Structure formats: structure tokens, C-alpha cells
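Each chain is listed here by its residues.
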Amino acid sequence: MTPATPGPGFRPRTALAMSPDAAAAVLDPESLTALAALCDLVPPPVLDDFTAPRARAVLAEVDLLVTGWGCPPLDTDVLRAAPRLRAVVHTAGSVRGHLTDACWERGIEVSSAASANALPVAEYTLAMILLTGKHVLERARAYRTTRTREDWLRTPRTIGNHRRTVGILSASLIGRRVIELLRPYDIDVLLHDPYVTDAEARRLGVTRVELAELFARGDTVSVHTPLLPATRGLVSRSLIESMRPGAVLINTARGAVVDQDALAEAAGAGRVRAVLDVTDPEVLPPDHPLWDSEQVLLTPHLAGSQGNEWRRLTDLALAETARWASGAGFLHPVTRERLPFQA
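Attention here is on the structure that accompanies the text. Computed from a prediction, not measured in an experiment: that's the story for all the values here. (Residues numbered from 1 in each chain as written. Predicted model: local features only at pLDDT ≥ 70, side-chain atom pairs only at ≥ 80, totals over all residues. Heavy atoms only, no water.)

## A look at the overall build of the chain
Here is step 1 of the chain: Looking only at helices and strands, the chain features 13 helices and 12 strands.
Here is step 2 of the chain: Counting the 343 residues in the chain, one finds 48% classified as buried.
Here is step 3 of the chain: A separation of at least 24 residues holds for 66% of the contacts in the chain among residues at least 6 apart in sequence.
Here is step 4 of the chain: Of the roughly 16,700 Å² of accessible surface on the chain, a fraction of 55% belongs to carbon and sulfur atoms. (Helix = DSSP H or I, 4+ residues; strand = E, 2+ residues; numbered from the N terminus. Buried < 20%, exposed > 50% of the residue type's maximum accessible area, 1.4 Å probe, protein only. Contact = heavy atoms within 4.5 Å. Areas by Shrake-Rupley, 256 points an atom, 1.4 Å probe, with all protein chains shown as cover.)

## Here we look at the sheet that holds strand β6 (residues 164-169)
Here is step 1 of the chain: The sheet built from seven strands is open, its strands ordered β8-β7-β6-β9-β10-β11-β12 with parallel pairing. The outermost strands of the open sheet, each flanked by one partner alone, are β8 (207-208) and β12 (296-298).
Here is step 2 of the chain: Inspection of the sheet shows strand β9 (residues 220-223) paired to strand β10 (residues 247-251) by four bridges, in the parallel sense. Looking across to β10, one finds that Val 223 is bridged to Asn 251.
Here is step 3 of the chain: Across the sheet, helix α8 (residues 173-182) is in contact with β6 and β7 (187-192); its angle to β6 comes to roughly 160°.
Here is step 4 of the chain: Together, β10, β11 (272-276) and β12 form the strand contacts of helix α12 (residues 260-268), whose direction differs from that of β11 by roughly 130°. (Pairing = 2+ DSSP bridges. Axes fitted to C-alpha atoms, helices over the stretch in contact; angles between N-to-C directions.)

## Section: the layout of surface pockets
Here is step 1 of the chain: As a volume, the second largest pocket reaches approximately 210 Å³.
Here is step 2 of the chain: As for the second largest pocket, its lining consists of 14 residues, of which Thr 158, Ile 159, Arg 164, Asp 219 and Pro 245 are closest to the centre.
Here is step 3 of the chain: Counted by class, the lining of the second largest pocket contains three nonpolar, five polar and six charged residues. (1 Å grid on protein atoms, 1.4 Å probe; cavity = no way out; pocket = protein on both sides within 12 Å on 5 of 7 lines; lining within 4 Å. Points joined across faces, edges and corners; volume = space filled by probe spheres on them. Nonpolar A, V, L, I, M, F, W, Y, C, P; charged D, E, K, R; others polar.)

Quick look at the structure:
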């Protein structure tokens, strides 16, 4: 039987494909009710193993998969079992973990909630830029130790956020959102992104610079580049050594973009400070020097959507499902051509 075409009145047969934990976290009862109002939703349990007999039976009938963290790869074998499948709506950011070449060759339409997930990462980055500019963490630690207030009239002029220079590495979704959030502040923003022209940089309100200049001039450098073969170790020893004394490196992208050994040495010597929400590996070995460095703040990959922020992801997924079912197409499509440049 030929599948119905998206358009007015179309209710796609839809299944959830993600880990049970991801489904429980991201899809609250209200969201599931809203999704069921838009489509013919396969009841739980979610699909987390496409080789299981039940999963094969479900795949044979679905028009749309709503995916999330823990979704197995949609490879040739899986797509062969899902002849009607024509779209994927992802309730998280990156789709690189489960989308395969077979999906693009089939012509499956894909949407991602990456734009919704970009906001909390950008908010985290903004907070860390402002806190480290004020040296809040170090001064709070000293206050706890001494139990006395410092002489604020003797505060060094290296402390503060007025006319501070912030370098943004990559005009990704998150990088662009950070630039937007910085606009109300008296901060000079530099950008390095080889795909951004001078004209586009002017529209963004930033100064486009080469990579070496970004690190040499930035009081803070914030990393927002995806991890690609060309960006692995991009933040090299020479770039870290070129940073201003006391400058801050913020990484909310991927740990492997940064030479962690070089960063640990520079932080251990007191030359630079760092805020790392990601590392390589994701949890560092217990004896790694970054754990004990007073110049480094390590957080456990918490900048992205968590807790009540998951609702943004589901709201976007619901909106995309409604648009696709109506025949309007996705507002946040993921294309094969742009996939390598996304996190």
C-alpha cells in the first residue's frame, strides 16, 4: 500500500526511538499527550534495540520516528525494515550518532532540536564569561579562607568586564547565540570562523580575526567549534601559550578540540585559567592534573539542556512534527551537506 502524503488531516504513524531513560527525562506526560494528538503514536515501550522482534514489527509501519539520546543507528538494515519511514524528528542536538549515509540516500527528512539546545549552552557560556571576568571563583575561595573582605579600592584593573575582549571560536548555532547575548555588555567581541565573511561579521557586530590573533588578543576565548578531523587538537599548545597572562579558555564544545596536556601545564603554571564543561575523555582519569588545578573549573557536561530546559526540546519537536505532518516541511532541517559542521 502506498503511504499517505503529508498534508491537511494526515496523521503519521509515529514511534519513539531512544533510551528509556531519555524518554522518561525529555518526554513528560503532557508532551506525550500533545504528540499523540498530532499523530498515530505507537504506545510504549520505546524502541532502543532495532533488532528486537517488536521493533521490527513497529518499524514496518512507521512514517515518522521521534528520536532522542540512545537511539540506535538507522543503518541500511534498519531502513530495509522500515519501508514507509520518511522523516526523523530528533529531540536533542546532534544527529551524528544515529543518522547514517543510508538515511540521506533514502531521502529521509530530518529535523533536530539543536537550536533549542543552543540556548542553555550559550547562557552557561555568558555566565562564565562574566564570572571569570570578575574573578568570582578565585575571590570567593579567598574570602572563604580568610573570612575577611578584600580592600575593594585596591582591585587590580585586570579584574572586571568593562571593555573586556572575548574571542569566539566558530560562528556555530551556539557561537552565534553567545554573540547575541553579549551585545548588551561593554565587551569587544572577536570571531574566528573561516566560513564567515567580513560583511557577515559586521552584521553580527563582531570583528573577524585569524585564529592566532583570536588567542593573542582575547581576555577570554570561548570554543564553539564542532569536532571534525580538521578541528581535533585545533586549540594547540602554541595557541594556549600565546594567550595573555590570566586569560580564560572556555570549552563547551568537545574536549578533543583542545590540547589538554598543554592546557594543564599552562594552568598549573598559573598562566591561564579555564572553564571546561567537556573533556577528552568525558570523565578525566582520577589522577589528571586538571582535577586539582585551582585555575580550572570543571563541570560535568551540564551546559546543555537539563531539567526544566528539556521542555524546549520537546516543544520544538512537537512543532516540527505538526509542520511536517501538515505538509509544510521542517523549520529546523538537518541536511547532509551541513551535518559535518554541526556538533
